[in-house]
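# Observations on the three-dimensional arrangement
For reference, the chains in residue letters:
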Amino acid sequence: MRILIAGGGIGGLTTALALHAAGLDVEVVEATAQLRPLGVGINVLPHAVGVLSGLGLADEMAQLAIPTREVAFYNRHGQRIWQDGRGLDAGYPFPQYSVHRGEMHLMLYRIACARLGADRVITGQRLERFDQDDGAVRATFSARDGTRSTRTADVLLAADGIHSAARRQCYPDEGLPRWSRLILYRGVTRSAQFLSGRTMVQMGSKAQKFVCYPISRAAYDAGASLTNWIACVQASADEALKPEDWNRKADVETFVHRYADWKFPDLDIVALIRGAEEVFEFPMVDRDPLPRWTFGRMTLVGDAAHPMYPIGSNGATQAIMDARAVADAFLQHGADWRAALARYEDQRRNATTALTLANRREGLDRILDLVDERAPDGFTDLEAVLPARELEAIVSEYKTLAGHHVTIGAPKAS
Ligand SMILES: Cc1cc2nc3c(=O)[nH]c(=O)nc-3n(C[C@H](O)[C@H](O)[C@H](O)COP(=O)(O)OP(=O)(O)OC[C@H]3O[C@@H](n4cnc5c(N)ncnc54)[C@H](O)[C@@H]3O)c2cc1C
């Protein structure tokens, strides 16, 4: 069984490591010629950390990342609405990690090269299309200089992100991602520690939000915080969707004034925003869930399959859960790739569809919206604004959808 993975992001590389651990012959082909530590902060939920730990990456993650202690929700006036323990601190069997996406990505790349062999993790080759017949799937790649090459395998896993070429080939009329008309301005600032030093803060409401959390273990150990922040604001009425590019630079002056009157007990939000060396913008986009991921010998993985709003720490987490499900499916069905791909899709498509739709309804951040709608100027009695029972129902529904209850390790060849 030869498995070809197109796309060496967090999803593609974790899938490669999981399949390799399951004893399968796997090759990854990534479009970028030279991987660099791109992106800012992401969160990985405990069930996905369990998968990474099962792949022997617990120490690597612990060295890079902050084991998040809690997530705390505030209104724009700095009043605490709710807090939720996370990871080991909340009794989960694995930590929740806040980490620099680029550093985690490069760690996975280094480990994949070491385990699979550097010649099995190929860069600078972009998937253009795939063709298949009864015997194999043939994937056509192009290099930057226009040279074309073909690779043949039994199965193609397309982990090529939100602009997946394989997805476009199967759904040629899908068009652009769906835009919420929100823009995410993102940056990383070296700051003092705040709250527990390991707290993720979510403030405001759908109309305007601020999220921040520390992402560096080294900074934490030095008594400081490398703080990832996201300022989520509404686009102006005449603004058009810019092509999504995780590396698009933004001018801080276009949005920082919107936070001038925001208060937070332990942080100067405007100073935090201004303290970033670079600020990036990204439109909050997703795509409609698909009726089908698998087309013969090809299936979609990670953002290629289910790009969703970055709410509830699910981007990387769900891609890692896909990796585990793919490896499990091949362990169970061996060379019967049809059955393996069907099982994978069966396990993951409905689950991620529900989560994509829940994230459109704001996920756990609905708590913020309800408080803002009912008490825009702040509250004196939270119970009168958002009764504990209503809050608990929202939390329980979303956590079930996002798989917080799942406790697993990585697949092992029997
Ligand atoms: C450069 C970059 C920066 C990011 N920064 C952030 C961030 O700051 N915060 C956040 O929440 N999320 C960020 N993300 C998204 C986040 O990493 C994903 O949502 C999540 O990790 C799921 O990963 P994925 O591997 O499915 O998709 P992706 O992370 O998008 O990875 C897809 C990979 O496929 C490669 N690729 C694309 N097209 C092709 C092709 N045709 N052939 C071969 N390879 C292809 C891409 O170069 C990329 O390496 C970023 C993604 C990228 C690519």
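This one's a predicted model, so the numbers in the text were calculated from it and none came from an experiment.

## Regarding the environment of proline 376
Mapped onto the secondary structure, proline 376 falls in the loop between α10 (366-374) and α11 (382-385). Separated by 172 residues in sequence, proline 376 and glycine 204 place their C-alpha atoms 9.8 Å apart.

## Some points on the site of the ligand
Around the ligand, the surrounding shell holds 31 residues, and the nearest of these are Gly9, Gly11, Gly39, Gly161 and Gly302. Mapped onto the shell around the ligand, the elements with two or more residues apiece are α1 (10-21), β9 (126-132) and α8 (315-333). When grouped by side-chain class, the residues that make up the shell around the ligand number 14 nonpolar, 11 polar and 6 charged.

## Some remarks on the sheet that holds strand β16 (residues 224-234)
Read from one edge of the open sheet, 7 strands run β6-β5-β14-β15-β16-β13-β17, paired in mixed fashion. In this open sheet, the two strands that pair with only one neighbour each are β6 (80-85) and β17 (279-286). Strand-to-strand twist in this sheet, taken as the mean axis angle between neighbours without regard to direction, amounts to 20°. Relative to β17, strand β13 (residues 178-192) is paired through 7 bridges, and the arrangement is antiparallel. Its bridge partner being in β17, isoleucine 183 is matched across the sheet by proline 283. Helix-sheet contacts for α10 involve β5 (70-74), β6 and β14 (199-205), and the interaxial angle to β14 is about 40°.

## Some points on the nonpolar core
Judged by nonpolar contacts, the single largest core of 115 residues is most densely connected at Ala6, Leu156, Ala158 and Val326. Looking at this core, the element that brings in the most residues is α8, giving 10 residues. Excluding anything up to four places from it in sequence, alanine 6 contacts Val29, Leu127, Ala139, Leu156, Ala158, Ala159, Asp160 and Ala166.

## Quick look at the sheet that holds strand β1 (residues 2-6)
With parallel pairing, the 5 strands of this open sheet are ordered in space as β8-β2-β1-β12-β18. Whereas interior strands pair on both sides, the edge strands pair on one side only; in this sheet they are β8 (121-122) and β18 (298-300). As defined by bridge partners, strand β12 (residues 155-158) adjoins β18 across 3 bridges and the pair is classed as parallel. What sits directly across from leucine 156, in β18, is methionine 298.

## Some points on the pairing of β16
Side-chain direction in a regular strand flips from residue to residue, so the side chains alternate between the two faces of the sheet. The element β16 is extensively covered by neighbouring structure, given that 8 of its 11 residues are classed as buried. With 11 bridges joining them, β13 and β16 adopt antiparallel strand pairing. If you follow glycine 187 over to β16, its bridge partner there is tryptophan 229. Where strand β15 (residues 208-214) lies against β16, 7 bridges are found, and the strand directions are antiparallel. The residue of β16 that forms the bridge with phenylalanine 210 is alanine 231.

## A look at unusual backbone geometry
Not every positive phi belongs to a glycine, and arginine 181 is a case in point at roughly 65°. Inspection of the secondary structure assignment puts arginine 181 in strand β13. With a phi angle near 50°, leucine 195 is a residue other than glycine that sits in the positive phi range. Inspection of the secondary structure puts leucine 195 in the loop between β13 and β14.

## Structural notes on the packing of helix α2 (residues 46-54) against α8
Running from amino to carboxyl end, α2 crosses α8 at an angle of 45°, the nearest separation of the two axes being 9 Å. With respect to their mutual orientation, α2 and α8 come out oblique. Considering the relative orientation of α2 and α8, their crossing is left-handed. Of α8, the residues touching α2 (which contributes His47, Ala48, Val51 and Leu52) are Ala316, Thr317, Ile320, Met321, Ala323 and Arg324. Considered class by class, the residues forming the contact of α2 with α8 number 7 nonpolar, 2 polar and 1 charged.

## Details of the packing of α8 against helix α9 (residues 337-360)
At a minimum axis separation of 7 Å, α8 and α9 run at an interaxial angle of 155°. By the angle class used here, α8 and α9 are roughly antiparallel. The way α8 lies across α9 gives a crossing that is right-handed. Taken together, the residues of α9 that come into contact with α8 (itself represented by Gln318, Asp322, Ala325, Val326, Ala329, Phe330, Gln332 and His333) are Ala339, Ala340, Arg343, Tyr344, Gln347, Arg348, Thr352 and Leu355. Its residues assigned to classes, the contact of α8 with α9 shows 8 nonpolar, 5 polar and 3 charged.

## Thoughts on helix α4 (residues 101-116)
Its 16 residues place the ends of α4 22 Å apart at the C-alpha level, agreeing with the 22 Å of an ideal helix rising 1.5 Å per residue. Inspection of α4 places Arg101, Met104, His105, Met107, Leu108, Ile111 and Ala112 among the buried residues, and these make up the whole buried set. Angular distribution of buried residues about the axis of α4 spans 160°; they occupy a single face of the element. Looking at the buried positions of α4, the neighbouring elements they touch are α1, β2 (25-29), β3 (41-44), α3 (58-64), β7 (97-100) and β8. Immediately beyond the C-terminal end of α4, within one or two residues, lies glycine 117, with a positive phi of roughly 105°.

## Some words on α9
One full turn of an α-helix is made of 3.6 residues, so residues set three or four places apart face in the same direction. Between its first and last C-alpha, α9 extends 33 Å over 24 residues, near the 34 Å set by a 1.5 Å rise per residue. Considering bend angle alone, the principal kink of α9 is centred on arginine 348 and spans about 25°. Of the residues flanking the end of α9, it is glutamate 362, one or two places downstream, whose phi is positive at about 85°.

## With respect to the pairing of β3
Residues Gly41 and Asn43 point to one face of β3 and Ile42 and Val44 to the other, with burial holding for every one of them. In the sheet, β3 pairs with β7 via 4 bridges, with the strands oriented antiparallel. Bridge pairing links valine 44 to tyrosine 97 in β7.

Conventions and cut-offs
- Residues numbered from 1 in each chain as written.
- Predicted model: local features only at pLDDT ≥ 70, side-chain atom pairs only at ≥ 80, totals over all residues.
- Helix = DSSP H or I, 4+ residues; strand = E, 2+ residues; numbered from the N terminus.
- Near = placed C-beta within 6 Å.
- Nonpolar A, V, L, I, M, F, W, Y, C, P; charged D, E, K, R; others polar.
- Pairing = 2+ DSSP bridges.
- Axes fitted to C-alpha atoms, helices over the stretch in contact; angles between N-to-C directions.
- Contact = placed C-beta atoms within 7 Å.
- Core = buried A, V, L, I, M, F, W, Y, C linked by C-beta atoms within 7 Å.
- Buried ≥ 20, exposed ≤ 12 C-beta atoms within 10 Å, placed from the backbone.
- Parallel < 35°, antiparallel > 145°, perpendicular 65-115°, else oblique.
- Left-handed = near helix turned anticlockwise from the far one by under 90°.
- Expected span 1.5 Å × (residues − 1).
- Arc of directions from axis to C-beta.
- Bend = angle between axes of the 7 residues up to and from the residue.

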